[in-house]
Amino acid sequence: MERLKSIQDLDGLRQRIIEKRKELRKRIRVCTGTGCHSQGSRRLVDAFQQELESRGLTREYMVIPTGCNGFCACGPIVVIEPEEVFYQRVKPEQVRAIVERSVVGDEIIEELLYVDPTTGERIVHEFEIPFFAKQKRLVFKDTGSNYVTDIEDYIARGGYSALAKVLSGMKPEEVIDEVKRSGLRGRGGGGFPTGVKWESCRRAHGDIKYVMCNADEGDPGAYMDRSLLEGNPHQVLEGMIIGAYAIGAVEGYIYVRFEYPMAVKNAEWAIKQAKDYGLLGENIMGTPFGLDMHVNRGGGAFICGESTALMASLEGKVGEPRGKHIHTVEKGLWGRPSNLNNVETWANVPLIINNGGDWYASMGTERSKGTKIFSLVGKINNTGLVEVAMGTPLRTIIYDIGGGIPEGKRFKAVQTGGPSGGCIPERLIDLPVDFEKLKEAGSMMGSGGMIVMDEATCMVDVARYFLNFLVEESCGKCIPCRVGVKRMHELVTDMCEGRARPGDLERLEELCHAIQETALCGLGKSAPNPVLSTIQYFRDEYEAHIYDKRCPAKICKALITYVIDPDKCTGCGLCRIKCPEGAVIGAKKECHCIDEELCVRCGICMENCKFGAIYIE
Amino acid sequence: MERNLQAVDEIIDQWGAKPESLLQIMLDVNHHFNYLPRESIERISKRLRMPISQVYSVATFFKVFSLKPRGRTIVHVCTGTACHVRGAPKILDRVKQDLGLNPGETTEDMALTLETVNCVGACASAPVVVVGGETYSEMTPNKMAEIIKAIKAQKAA
Ligand SMILES: Cc1cc2nc3c(=O)[nH]c(=O)nc-3n(C[C@H](O)[C@H](O)[C@H](O)COP(=O)(O)O)c2cc1C
Ligand code: SF4
Ligand code: SF4
Ligand code: FES
Ligand code: FES
């Protein structure tokens with residue numbers, strides 16, 4: 001470890017790191033992102049390490065635990081550099097063979113390769129896989145190849161050169177100008193122009209100002225912020241240091257939800273390393289500029305992602321928001337000027353400084369510049385994190401990158417914007433995805449969750465799901481949200497459970513508009529969105545629930561029955577044995593049937609029938 | 001309780017007895033005991049010189065805190081959006097039925113607590129259940145029933 005005493009020192013350090021690495025022949029990247037981690041990738045890291053040690057090969061070969069590679073559907077993922085041979089679904093017992101054949105040797109292990117489902121071809125290299133080839137990876141580029149807890153790896157790839165550039169002569173105003181020219185807008189949901197926010201905060205009066213990073217990521221189904229912070233914390237940190245310089249802040253906070261222990265750990269680790277290297281703390285790289293940084297854990301409340309609630313929580317109070325008439329850039333944390341940006345927003349900053357605002361603005365659409373990371377999940381083949389230029393058509397994301405819908409089912413809609421967003425139906429599949437277009441379609445960008453739904457997803461149930469979420473997460477401070485959203489939830493629950501009456505749909509719509517206009521903060525104001533957008537595009541489904549007491553997608557339990565097809569039933573009796581409720585009756589080798597009274601609609605019988613004899617009516 | 005309060009004091013000392021440390025202190029205390037014992041709340045209130053009502057308001061506001069002791073193993077069923085559309089409700093129903101618990105409840109022998117979470121970030125392998133820290137992915141009601149059976153058997157042994 002060496003402390004940088006001047007800006008020029010950074011280049012020297014980088015050269016030395018690169019020199020040191022020349023001895024390395026290959027690097028084995030093991031994804032330790034949340035997806036792969038849940039499939040046991042930590043054990044892979046240990047197994048590779050042991051294997052290399054026992055062969056005495058740790059000088060020439062190195063195992064590196066990385067952040068999320070992005071193609072989570074294929075996890076656990078192992079990539080061998082420099083060739084970038086991509087192995088999927090790797091198990092610890094395969095480690096020895098990989099080291100033997102593909103690390104020490106140059107052989108390719110066919111069985112571990114990714115198979116393109118459309119052509120049936122095995123693909124060797126990461127960059128040739130369609131999932132990656134169709135993306136534009138800039139912000140997320142290094143997350144899956146970066147050694148998560150090693151600042152030197154970040155520096156070797158040119159890390160902190162943007163900070164060096166800023167500190168070697170750019171005035172704060174010039175930095176702000178560059179960010180304004182880039183057209184970067186907040187990635188946390190609101191899409192507010194980042195440069196403009198920085199400028200207001202710079203101009204605000206006060207000796208002590210703060211920069212903050214919003215890593216609360218409350219939107220269920222979205223995990224790009226966590227993955228960025230976990231996998232490449234220095235990129236986020238570098239963005240924050242540059243922002244602090246531009247704004248004139250002396251202290252920074254990273255607010256991470258406690259459910260992300262790894263993100264907390266890696267962020268703390270990164271801060272410590274940056275301090276050790278003289279990139280944080282007093283006299284950064286020998287200049288007069290200094291910045292202190294802390295990590296704070298949130299308590300798992302969705303509302304704490306909202307800026308004023310987040311700051312209240314940082315002060316040790318209940319995370320309730322306040323009205324927006326006072327801007328946090330002027331009076332935020334402890335009543336002082338505070339600039340809050342999202343994780344991904346901060347991670348964009350070093351790229352903009354290195355390549356220039358004009359370069360950045362050359363990507364994207366007229367009013368949405370650059371790229372956006374989406375978490376592509378739900379009923380889609382290639383689940384994972386994808387980064388595309390703003391304005392990329394939905395079709396490209398769902399089909400070319402996402403590989404379409406599993407089991408040959410039909411695409412129905414994609415939900416974006418989380419609990420504040422809406423559903424985009426199939427007929428808008430060619431919609432270019434940017435801030436404006438999503439809004440026009442009745443949804444919003446949000447933090448970038450894209451939950452794909454197929455024909456077997458009930459849109460009324462989806463609306464109920466989000467309302468239930470919002471009822472639980474409403475902080476209760478204002479009445480429209482506390483009571484109104486609850487009433488909406490009751491109405492929609494009635495629909496799902498077959499109790500709805502004519503006129504309920506109209507009542508629901510009326511409530512939506514009232515809440516939109518009167519709620520205090522963004523949570524309440526946008527709470528009706530998931531309902532309104534599903535009514536807009538799937539009104540017939542609501543009507544089927546209300547008037548026909550029918551759930552077309554066959555999801556709502558009160559409106560369906562499990563039935564055995566006598567033509568297909570062989571009388572094997574498996575369903576009878578498996579049914580936890582004893583609801584299946586029938587003698588061996590004779591057609592079985594289900595007692596509707598006893599059946600709790602758990603679906604276990606259907607899952608077990610090998611003859612496909614059970615269906616839902 | 002003497003010994004327990006010592007742990008609380010240590011946590012407070014580590015963060016500093018300042019109001020802005022409240023949430024961080026409470027998170028650590030909650031983690032230490034698996035819940036927030038009443039004595040610990042009183043102690044925090046006294047040492048941070050803030051009304052006990054403020055500590056309680058934070059304790060009831062955030063989902064992470066529990067005012068009741070929780071079971072030795074916690075079953076977390078993810079009910080995030082990705083898990084929901086891939087069938088999380090059926091998984092949750094299964095657990096509720098088999099354990100006879102609603103989310104937030106604990107079995108009488110203090111062995112298990114059932115909780116739901118809004119997303120554990122493993123959406124790619126939805127639906128996901130975390131049992132005692134171990135993640136189970138691509139769940140089905142069937143698989144869930146097996147896991148519960150295994151836990152119950154373990155308990156009996
Ligand atoms: C209810 C609610 C929840 C929010 N949750 C988040 C969140 O989890 N992460 C986030 O970055 N922004 C969230 N926001 C947006 C923040 O209030 C704020 O606009 C954002 O962090 C600013 O950063 P940006 O300009 O870089 O997007 C939320 C807003 C509302 C109203
Ligand atoms: S499992 Fe299928 S085939 Fe066997 S008895 Fe049940 S319905 Fe009939
Ligand atoms: S749905 Fe569940 S309860 Fe009903 S018959 Fe099938 S297995 Fe039994
Ligand atoms: S977690 Fe490994 S690819 Fe996403
Ligand atoms: S929604 Fe269940 S893991 Fe993300």
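Residues numbered from 1 in each chain as written. Chains lettered and ligands numbered in written order. Predicted model: local features only at pLDDT ≥ 70, side-chain atom pairs only at ≥ 80, totals over all residues. Heavy atoms only, no water.

Visitor: How would you sum up the sheet that holds strand S12 (residues 384-389) of chain A? Please name residues and give values.
Guide: Residues and elements named next belong to chain A. Overall, mixed pairing links the five strands, which are arranged S12-S11-S15-S13-S14 in an open sheet. In this open sheet, the two strands that pair with only one neighbour each are S12 and strand S14 (422-425). Taken over all neighbouring pairs, the strand axes of this sheet differ in orientation by 30° on average, direction set aside. The sheet contacts of helix H22 (residues 529-547) involve strand S13 (411-416) and S14, and relative to S14 the element is tilted by about 35°. (Pairing = 2+ DSSP bridges. Helix = DSSP H or I, 4+ residues; strand = E, 2+ residues; numbered from the N terminus. Axes fitted to C-alpha atoms, helices over the stretch in contact; angles between N-to-C directions. Contact = heavy atoms within 4.5 Å.)

Visitor: Can you tell me about the site of ligand 2, naming the residues and giving the values?
Guide: Neighbouring residues of ligand 2: A:Ile564, A:Cys569, A:Thr570, A:Gly571, A:Cys572, A:Gly573, A:Cys575, A:His592, A:Cys609, A:Phe611, A:Ala613 and A:Ile614. Looking at the shell around ligand 2, its residues break down into eight nonpolar, four polar and no charged. (Near = heavy atom within 4 Å. Nonpolar A, V, L, I, M, F, W, Y, C, P; charged D, E, K, R; others polar.)

Visitor: Kindly report on the nonpolar core, identifying the contributing residues and their values.
Guide: Counting residues in hydrophobic clusters, the biggest one holds 134 residues, and the most contacted among them are A:Phe71, A:Tyr160 and A:Ile254. Setting aside its immediate chain neighbours within four residues, A:Tyr160 contacts A:Leu10, A:Ile151, A:Tyr154, A:Ile155, A:His234, A:Leu237, A:Glu238, A:Ile241, A:Ala274, A:Leu279 and A:Met285. One finds A:Cys481, B:Leu5, B:Ile41 and B:Phe65 within the second-largest nonpolar core, a separate group that totals 71 residues. (Core = buried A, V, L, I, M, F, W, Y, C linked by side-chain atoms within 4.5 Å. Buried < 20%, exposed > 50% of the residue type's maximum accessible area, 1.4 Å probe, protein only.)

Visitor: I'd like a description of the interface of chain A and chain B, backed by residues and values.
Guide: Listed per partner, the contact involves 58 residues of chain A and 42 residues of chain B. For the salt bridge of B:Asp93 with A:Lys557, the shortest nitrogen-to-oxygen distance reads 2.6 Å. Where chain A packs against chain B, one counts 18 residue pairs in polar contact (both at pLDDT 80 or more). For the side of chain A that touches chain B, the elements supplying multiple residues, two or more each, are helix H2 (34-38), strand S9 (292-298), helix H13 (307-314), strand S11 (371-378), strand S15 (449-454), helix H18 (459-473) and helix H24 (604-608) of chain A. By residue number, the principal contributor to the side of chain A that touches chain B is H18(A), which donates six residues. (Salt bridge = Lys/Arg side-chain N within 4 Å of Asp/Glu carboxyl O. Polar contact = N/O pair within 3.5 Å; in protein donor to acceptor, adjacent residues only side chain to side chain.)

Visitor: Just give me the short version of the UniProt feature "binding site: [2Fe-2S] cluster" (unreviewed entry) in chain B, but keep the residues and values in it.
Guide: Residues and elements named next belong to chain B. Look at the UniProt record and you will see "binding site: [2Fe-2S] cluster" (unreviewed entry) annotated at Cys78, Cys83, Cys119 and Cys123. The greatest C-alpha distance among the residues just named is 9.3 Å, despite their covering 46 residues of sequence, which places them together in space. In this structure, Cys83 sits in helix H5 (residues 81-85). For Cys123, the location among the structural elements is in the loop between strand S2 (112-117) and strand S3 (129-131). The buried category is assigned to Cys123, whose relative accessible area is 2%. (UniProt positions renumbered as here; feature names shortened; annotations may be inferred.)

Visitor: Any chance you could break down the sheet that holds strand S1 (residues 73-78) of chain B for me, citing the residues and the numbers?
Guide: Adjacent strands of a sheet form backbone hydrogen bonds with each other and so pair up, either parallel or antiparallel. All names here are of chain B. Reading across the sheet, the four strands line up as S2-S1-S3-S4 and stay open at both edges, with mixed pairing between neighbours. Each edge of the sheet is formed by a strand with only one pairing partner; in this case those strands are S2 and strand S4 (134-136). The sheet shows a mean angle of 20° between the axes of neighbouring strands, direction not considered. Relative to S2, S1 runs parallel, the two being bridged by six bridges. Opposite Ile74, over in S2, you have Thr113 as the bridge partner.

Visitor: Describe the domain arrangement of chain B, listing the residues and the values that go with them.
Guide: One frequent convention defines the size of an interface as the accessible area lost when the parts assemble. Here the domain parsing of chain B yields domain 1 (1-61) and domain 2 (73-155). For domain 1 of chain B versus domain 2 of chain B, the separation of C-alpha centres amounts to 30 Å. (Domains from an automatic or database assignment.)

Visitor: Break down the domain arrangement of chain A for me, with residues and values.
Guide: Residues and elements named next belong to chain A. Looking at chain A, the domain boundaries give domain 1 (7-134), domain 2 (151-362), domain 3 (371-454), domain 4 (459-548) and domain 5 (562-616). Counting from both sides, the interface comprises nine residues of domain 1 and, opposite them, eight residues of domain 3. Interface area for domain 1 against domain 3, summed over the two sides, is near 680 Å², with a carbon-plus-sulfur share of 63%. Our count for the domain 1 to domain 3 interface comes out at zero salt bridges. Inspection of the domain 1/domain 3 interface yields three residue pairs in polar contact (both at pLDDT 80 or more). For the side of domain 1 that touches domain 3, the residue count by class is seven nonpolar, one polar and one charged. (Buried area = accessible area lost by both parts, 1.4 Å probe.)

Visitor: Tell me what's going on with the site of ligand 1, and back it up with residues and numbers.
Guide: Residues and elements named next belong to chain A. As a structural note, the neighbourhood of ligand 1 is formed by 18 residues, with Gly188, Asn214, Asn341, Asn342 and Thr345 the closest of them. Between ligand 1 and Lys197, the relevant distance is 3.0 Å, taken from an oxygen atom to a side-chain nitrogen or oxygen of the residue. At 3.1 Å, a backbone N or O of Glu217 approaches an oxygen atom of ligand 1. The protein chains hide 88% of the 610 Å² of surface that ligand 1 would expose on its own. Contributing elements (two or more residues each) for the shell around ligand 1: strand S10 (338-342) and helix H21 (522-526). With three residues, the single largest contributor to the shell around ligand 1 is S10. Here the shell around ligand 1 is composed, by residue class, of three nonpolar, ten polar and five charged. (Areas by Shrake-Rupley, 256 points an atom, 1.4 Å probe, with all protein chains shown as cover.)

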